[in-house]
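Topology and contacts: notes
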Amino acid sequence: MSNQAHSASANSRVEVVMDSTSGLEKFKLRGPKGSSAEIFLYGGQVTSWKNEHGEELLFMSSKAAFKPPNPIRGGIAICFPQFSNMGSLDKHGFARNRMWSIDPNPSLPPSKDNTVIDLLLKPTSEDMKIWPHSDVRVEGLETLDYFDNLLDQKRFTEQGDSLTFDSEVDRVYLSTPALLALIDHEKKRTFVIRKIGFPDAVVWNPWDKKSKAMVDFGDDEYVRMVSIEAAAVEKPITLKPGEEWTGCQELEVVSSSYFSGQMDPVNLKGRS
């Protein structure tokens, strides 16, 4: 059987229906061995998961209200961009009471062995007002030490799997790898950054308050940029008479998917 036939067969296992109780749109997915799941576009929420014997594996409250803007009680809810009251937003954030959409180009294509849909939550102008953010992340800086210029150049260690942006960032990362990746989720592209002769990397984004205070920078331009600079900060380059030094930074743009894993700088080394 051809790959095209496999894809068509897998797509036929996804059905869009209107929920009879709420009138909300949901998707029914059937696995190749008889398992199934139901996912509402409202909240991007999984409300049913049954094994091949038809046994329901998820809890749903019998009193769950499928009435926006109320969240759905039970199933697999998405708490984003904050959990509980640990932030300035409403409890558990806004993702669970927004209408999601389907990504026409899923990161994992359907096959004879799986059934796939990708959901997207596109921020509205109101979302951006209450939670300004940038849909990019930097990979390759994990576990590295850095100087934080916002905290008197104190030294810290990066704790995240990647660097994301929801506030001002002004850091000097030390002893960085020769390859870094800036992943743009919205446009599904990755900027591959290769550097030679520069041991460090500066990462900067002024965010909203500083942007408004800069006379030569647009108030909202911070969501459209990230500065990543090859640098030699901790140990300046010193040359004696007759010595030479070469420094180079190369930029390449490659396509990427949301969760392809192919944009991990470790996996990209083969491209250099």
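Check the entry above for the structure.
Conventions used here
Residues numbered from 1 in each chain as written. Predicted model: local features only at pLDDT ≥ 70, side-chain atom pairs only at ≥ 80, totals over all residues. Heavy atoms only, no water. Helix = DSSP H or I, 4+ residues; strand = E, 2+ residues; numbered from the N terminus. Buried < 20%, exposed > 50% of the residue type's maximum accessible area, 1.4 Å probe, protein only. Contact = heavy atoms within 4.5 Å. Areas by Shrake-Rupley, 256 points an atom, 1.4 Å probe, with all protein chains shown as cover. Salt bridge = Lys/Arg side-chain N within 4 Å of Asp/Glu carboxyl O. Phe/Tyr/Trp six-rings, centres within 6.5 Å; stacked < 30°, edge-to-face > 60°. Pairing = 2+ DSSP bridges. Axes fitted to C-alpha atoms, helices over the stretch in contact; angles between N-to-C directions.

Attention now goes to the overall build of the protein. When helices and strands are counted, the protein shows four helices and 16 strands. Here the protein holds 272 residues, and 37% of them are scored as buried. Considering only intrachain contacts with a sequence separation of at least 6, the fraction spanning at least 24 residues in the protein is 53%. Accessible surface computed for the protein: about 16,500 Å², of which carbon and sulfur atoms make up 51%.

Bringing the pattern of salt bridges into the picture now. With the rule as written, the count across this model stands at 12 salt bridges. Salt-bridge contacts for Asp127 lead to Arg98; the nearest nitrogen and oxygen are separated by 2.6 Å. In this pair, Asp127 sits in helix 2 (residues 125-130) while Arg98 sits in the loop between strand 4 (45-50) and strand 5 (101-102), placing the two residues 29 residues apart along the sequence. When its relative accessible area of 2% is taken as the criterion, Asp127 is described as buried. Exposure remark for Arg98: the relative accessible area of 24% places this residue in the partly exposed category.

On to the packing of aromatic side chains. Within the structure shown, the criterion is met by six aromatic pairs. An angle of 40° between the planes, with centres 5.0 Å apart, marks the rings of Tyr146 and Tyr173 as tilted. You can see Tyr146 sitting in strand 8 (residues 145-148) and its partner Tyr173 sitting in strand 11 (residues 169-173), a full 27 residues away along the chain. Classification of Tyr173 as buried rests on a relative accessible area of 0%. Here the aromatic residues Tyr146, Phe156 and Tyr173 are joined through ring pairs into a cluster of three or more.

This brings us to the pairing of strand 11. Here strand 11 lies mainly inside the structure; five of its five residues are buried. Residue alternation in strand 11 divides its side chains into two sets, Val169, Arg171 and Tyr173 and Asp170 and Val172, and both sets are buried. As judged from the three bridges shared by strand 8 and strand 11, these two strands associate in the antiparallel manner. Looking at strand 11, one finds that Asp148 is bridged to Arg171. Note that strand 11 and strand 14 (residues 200-205) share five bridges and pair antiparallel. Pairing of Arg171 across the sheet is with Val203, part of strand 14.

Let us look at the sheet that holds strand 16 (residues 248-255). Ordered by their spatial adjacency, five strands build an open sheet running 10-7-12-13-16, and the pairing between neighbours is antiparallel. On the outer flanks of this sheet lie strand 10 (163-165) and strand 16, each paired with one strand and no other. Mean inter-strand twist for the sheet, computed between neighbouring axes without regard to direction, equals 20°. In this sheet, strand 16 lies alongside strand 13 (residues 189-196) in antiparallel orientation, the contact comprising eight bridges. Within strand 16, the residue paired with Arg189 across the bridge is Ser255.

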